[in-house]
Amino acid sequence: YWGCANLQVSQVKTFVQNCANYIHLYGGGAYATVGSASPSWVSTWKNLGLDFYQLHYYPGFDKNGPGSGLPTYASLALDKPCIVGEFATNDVSYTIGNTTPLSAQWYLDSIYSKGYAGALGWSYFSSDSATAWSPFAPVFTKWVQTYSSYIGPK
(Lines give C-alpha, C1' and ligand atoms only; values in the text may rest on other atoms or scores of the structure.)
Protein backbone atom coordinates (compact mmCIF):
# COMPACT_ATOMS: atom_id res chain seq x y z
CA TYR A 1 0.00 0.00 0.00
CA TRP A 2 2.73 2.50 0.91
CA GLY A 3 5.29 0.97 -1.43
CA CYS A 4 7.01 -1.00 1.33
CA ALA A 5 7.04 -4.22 -0.64
CA ASN A 6 6.91 -5.17 -4.28
CA LEU A 7 4.06 -7.68 -4.08
CA GLN A 8 1.14 -8.35 -6.37
CA VAL A 9 -2.34 -8.17 -4.84
CA SER A 10 -2.85 -11.79 -5.88
CA GLN A 11 0.19 -12.83 -3.82
CA VAL A 12 -1.11 -11.04 -0.74
CA LYS A 13 -4.57 -12.54 -1.20
CA THR A 14 -3.06 -16.04 -1.36
CA PHE A 15 -1.09 -15.33 1.80
CA VAL A 16 -4.20 -14.05 3.63
CA GLN A 17 -6.23 -17.07 2.51
CA ASN A 18 -3.49 -19.44 3.69
CA CYS A 19 -3.33 -17.62 7.04
CA ALA A 20 -7.11 -17.91 7.47
CA ASN A 21 -6.95 -21.62 6.69
CA TYR A 22 -4.18 -22.16 9.26
CA ILE A 23 -5.98 -20.12 11.89
CA HIS A 24 -9.10 -22.22 11.42
CA LEU A 25 -7.11 -25.45 11.45
CA TYR A 26 -4.77 -24.73 14.36
CA GLY A 27 -6.21 -21.68 16.13
CA GLY A 28 -8.47 -23.41 18.61
CA GLY A 29 -11.58 -21.53 17.50
CA ALA A 30 -9.90 -18.16 16.90
CA TYR A 31 -11.40 -15.89 14.26
CA ALA A 32 -9.43 -14.91 11.18
CA THR A 33 -9.40 -11.34 9.87
CA VAL A 34 -7.00 -8.84 8.35
CA GLY A 35 -6.86 -5.07 8.72
CA SER A 36 -7.46 -2.93 5.66
CA ALA A 37 -5.53 0.32 5.73
CA SER A 38 -8.48 2.11 4.15
CA PRO A 39 -12.14 1.43 3.41
CA SER A 40 -11.35 1.14 -0.30
CA TRP A 41 -9.30 -2.02 0.32
CA VAL A 42 -11.73 -4.02 2.47
CA SER A 43 -13.48 -5.80 -0.42
CA THR A 44 -10.09 -7.14 -1.53
CA TRP A 45 -10.37 -9.77 1.20
CA LYS A 46 -13.75 -11.22 0.18
CA ASN A 47 -13.96 -14.99 -0.41
CA LEU A 48 -10.66 -15.76 1.30
CA GLY A 49 -12.09 -17.57 4.32
CA LEU A 50 -12.00 -14.69 6.78
CA ASP A 51 -14.58 -14.66 9.56
CA PHE A 52 -15.11 -10.90 9.50
CA TYR A 53 -13.57 -7.86 7.86
CA GLN A 54 -12.02 -4.75 9.26
CA LEU A 55 -11.09 -1.38 7.90
CA HIS A 56 -9.28 1.60 9.34
CA TYR A 57 -10.70 5.10 9.60
CA TYR A 58 -8.81 8.31 10.35
CA PRO A 59 -9.67 12.00 9.90
CA GLY A 60 -7.29 12.22 6.95
CA PHE A 61 -9.74 10.05 4.98
CA ASP A 62 -12.42 12.76 5.21
CA LYS A 63 -11.89 14.67 1.97
CA ASN A 64 -15.47 16.03 1.93
CA GLY A 65 -16.01 16.88 5.60
CA PRO A 66 -16.10 14.92 8.86
CA GLY A 67 -17.32 11.37 8.40
CA SER A 68 -17.14 11.41 4.60
CA GLY A 69 -14.23 8.94 4.59
CA LEU A 70 -16.19 6.27 6.44
CA PRO A 71 -18.71 4.62 4.12
CA THR A 72 -21.74 2.82 5.46
CA TYR A 73 -21.29 -0.89 6.02
CA ALA A 74 -24.14 -1.60 3.59
CA SER A 75 -22.40 0.31 0.79
CA LEU A 76 -19.40 -2.03 0.98
CA ALA A 77 -21.48 -5.03 -0.17
CA LEU A 78 -19.55 -7.43 2.03
CA ASP A 79 -20.63 -10.98 2.78
CA LYS A 80 -19.52 -10.95 6.43
CA PRO A 81 -19.59 -8.44 9.31
CA CYS A 82 -17.04 -5.64 9.34
CA ILE A 83 -15.52 -3.66 12.19
CA VAL A 84 -13.55 -0.45 12.22
CA GLY A 85 -10.27 -1.99 13.29
CA GLU A 86 -8.52 1.32 13.92
CA PHE A 87 -9.73 4.84 14.57
CA ALA A 88 -8.06 7.78 16.28
CA THR A 89 -8.56 8.32 20.00
CA ASN A 90 -6.79 11.69 19.93
CA ASP A 91 -10.03 13.63 19.58
CA VAL A 92 -11.29 17.21 19.72
CA SER A 93 -13.46 16.55 22.78
CA TYR A 94 -13.72 13.91 25.49
CA THR A 95 -16.87 15.27 27.06
CA ILE A 96 -19.47 12.56 27.49
CA GLY A 97 -22.42 13.34 25.25
CA ASN A 98 -20.54 15.81 23.02
CA THR A 99 -21.30 14.79 19.42
CA THR A 100 -19.21 17.50 17.76
CA PRO A 101 -17.53 16.00 14.68
CA LEU A 102 -14.26 14.24 15.57
CA SER A 103 -15.14 14.07 19.27
CA ALA A 104 -14.83 10.74 21.04
CA GLN A 105 -18.62 10.33 21.23
CA TRP A 106 -18.99 11.26 17.55
CA TYR A 107 -16.55 8.53 16.47
CA LEU A 108 -18.40 5.86 18.42
CA ASP A 109 -21.85 7.06 17.32
CA SER A 110 -20.78 7.34 13.68
CA ILE A 111 -19.31 3.86 13.55
CA TYR A 112 -22.45 2.44 15.16
CA SER A 113 -24.90 4.40 12.99
CA LYS A 114 -23.11 3.41 9.80
CA GLY A 115 -23.77 -0.24 10.58
CA TYR A 116 -20.38 -1.61 11.63
CA ALA A 117 -20.22 -4.63 13.89
CA GLY A 118 -17.71 -3.01 16.23
CA ALA A 119 -14.64 -0.84 16.57
CA LEU A 120 -11.16 -0.88 18.07
CA GLY A 121 -9.72 2.48 19.08
CA TRP A 122 -6.07 3.23 18.42
CA SER A 123 -4.20 2.60 20.77
CA TYR A 124 -3.93 1.69 24.42
CA PHE A 125 -0.12 1.62 24.56
CA SER A 126 1.09 3.80 21.72
CA SER A 127 2.25 7.36 22.15
CA ASP A 128 1.75 8.56 18.59
CA SER A 129 -0.34 11.47 17.28
CA ALA A 130 -3.49 9.32 16.86
CA THR A 131 -3.51 8.09 20.46
CA ALA A 132 -5.03 9.45 23.65
CA TRP A 133 -6.59 6.41 25.29
CA SER A 134 -6.70 7.75 28.87
CA PRO A 135 -9.07 10.66 28.13
CA PHE A 136 -10.97 8.53 25.60
CA ALA A 137 -11.65 5.68 28.06
CA PRO A 138 -14.43 7.36 30.13
CA VAL A 139 -16.40 8.23 26.97
CA PHE A 140 -15.92 4.69 25.69
CA THR A 141 -17.02 3.20 29.01
CA LYS A 142 -20.18 5.34 29.11
CA TRP A 143 -20.93 4.51 25.47
CA VAL A 144 -20.56 0.78 26.16
CA GLN A 145 -22.91 1.06 29.13
CA THR A 146 -25.48 2.91 27.03
CA TYR A 147 -25.39 0.33 24.23
CA SER A 148 -24.67 -2.79 26.28
CA SER A 149 -27.67 -4.64 24.88
CA TYR A 150 -26.37 -4.16 21.33
CA ILE A 151 -22.65 -4.73 21.69
CA GLY A 152 -20.26 -7.41 22.83
CA PRO A 153 -19.74 -10.98 21.75
CA LYS A 154 -22.95 -12.76 20.85
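Because the structure is a prediction, the values reported are computed rather than measured. (Residues numbered from 1 in each chain as written. Predicted model: local features only at pLDDT ≥ 70, side-chain atom pairs only at ≥ 80, totals over all residues. Heavy atoms only, no water.)

Undergrad: Help me understand unusual backbone geometry, please; the structure alone is not making it clear to me.
TA: Among all residues save glycine, negative phi is the norm, and among peptide bonds the norm is trans. The phi angle at Ala77 is positive, at roughly 55°, despite the residue not being glycine. Relative to the helices and strands, Ala77 resides in the loop between strand S2 (53-57) and strand S3 (82-88). At Leu102, a residue that is not glycine, the phi angle is positive and equals roughly 75°. Here Leu102 lies in the loop between S3 and helix H2 (104-113). By relative accessible area, which is 23% here, Leu102 ends up partly exposed. (Helix = DSSP H or I, 4+ residues; strand = E, 2+ residues; numbered from the N terminus. Buried < 20%, exposed > 50% of the residue type's maximum accessible area, 1.4 Å probe, protein only.)

Undergrad: Explain the packing of aromatic side chains to me, please; I cannot follow it from the model alone.
TA: Under the defined criterion, the tally for this structure stands at 14 aromatic pairs. Ring geometry for Tyr57 and Phe61: centres 6.3 Å apart, planes at 65°, overall edge-to-face. Accessibility expressed as a relative area gives 25% for Phe61, which makes it partly exposed. Both rings, one in Trp106 and one in Tyr107, keep their centres 5.2 Å apart while their planes meet at 70°; by these two values the pair is edge-to-face. Residue classification places Tyr107 among the buried positions, given a relative accessible area of 2%. Grouped by ring-pair contacts, the aromatic residues Tyr57, Tyr58, Phe61, Phe87, Trp106, Tyr107, Trp133, Phe136 and Phe140 constitute a single cluster. (Phe/Tyr/Trp six-rings, centres within 6.5 Å; stacked < 30°, edge-to-face > 60°.)

Undergrad: I tried to follow the nonpolar core on my own but got confused; where do I start?
TA: For soluble globular proteins, nonpolar side chains are generally found buried alongside one another. Within the largest apolar cluster, 29 residues are counted, with the highest numbers of intra-cluster contacts made by Leu55, Val84 and Tyr116. Among the secondary structure elements, those contributing two or more residues to this core are helix H1 (9-26), S2, S3, H2 and helix H3 (133-146). The leading source of residues in this core is H2, at 5 residues. Beyond its immediate sequence surroundings of up to four residues, Leu55 is in contact with Ser36, Ser38, Pro39, Val42, Leu70, Leu76, Cys82, Ile83, Val84, Gly85, Glu86 and Tyr116. (Core = buried A, V, L, I, M, F, W, Y, C linked by side-chain atoms within 4.5 Å. Contact = heavy atoms within 4.5 Å.)

Undergrad: How do you make sense of the environment of Phe15 when you look at a structure like this?
TA: Turning to its location among the elements, Phe15 is positioned in helix H1. Along the chain, Phe15 and Ala130 lie 115 residues apart, while their C-alpha atoms are 29 Å from each other.

Undergrad: Please explain H3 as it appears in this structure.
TA: Because each turn of an α-helix spans 3.6 residues, side chains separated by three or four positions in sequence point in the same direction. Taking 1.5 Å per residue as the helical rise, H3 with its 14 residues ought to reach 20 Å, and the 19 Å between its terminal C-alpha atoms agrees with that figure. When H3 is considered as a whole, its buried residues turn out to be Trp133, Phe136, Val139 and Trp143. For H3, the secondary structure elements touched by its buried residues are S3, H2 and strand S4 (119-122). (Expected span 1.5 Å × (residues − 1).)

Undergrad: What exactly am I supposed to notice about the side chain of Thr44 here?
TA: Relative to the assigned elements, Thr44 resides in the loop between strand S1 (35-36) and S2. A distance of 2.9 Å separates a polar side-chain atom of Thr44 from the backbone oxygen of Trp41. Beyond its immediate stretch of four places on either side in the chain, Thr44 contacts Val9 and Lys13. (Polar contact = N/O pair within 3.5 Å; in protein donor to acceptor, adjacent residues only side chain to side chain.)

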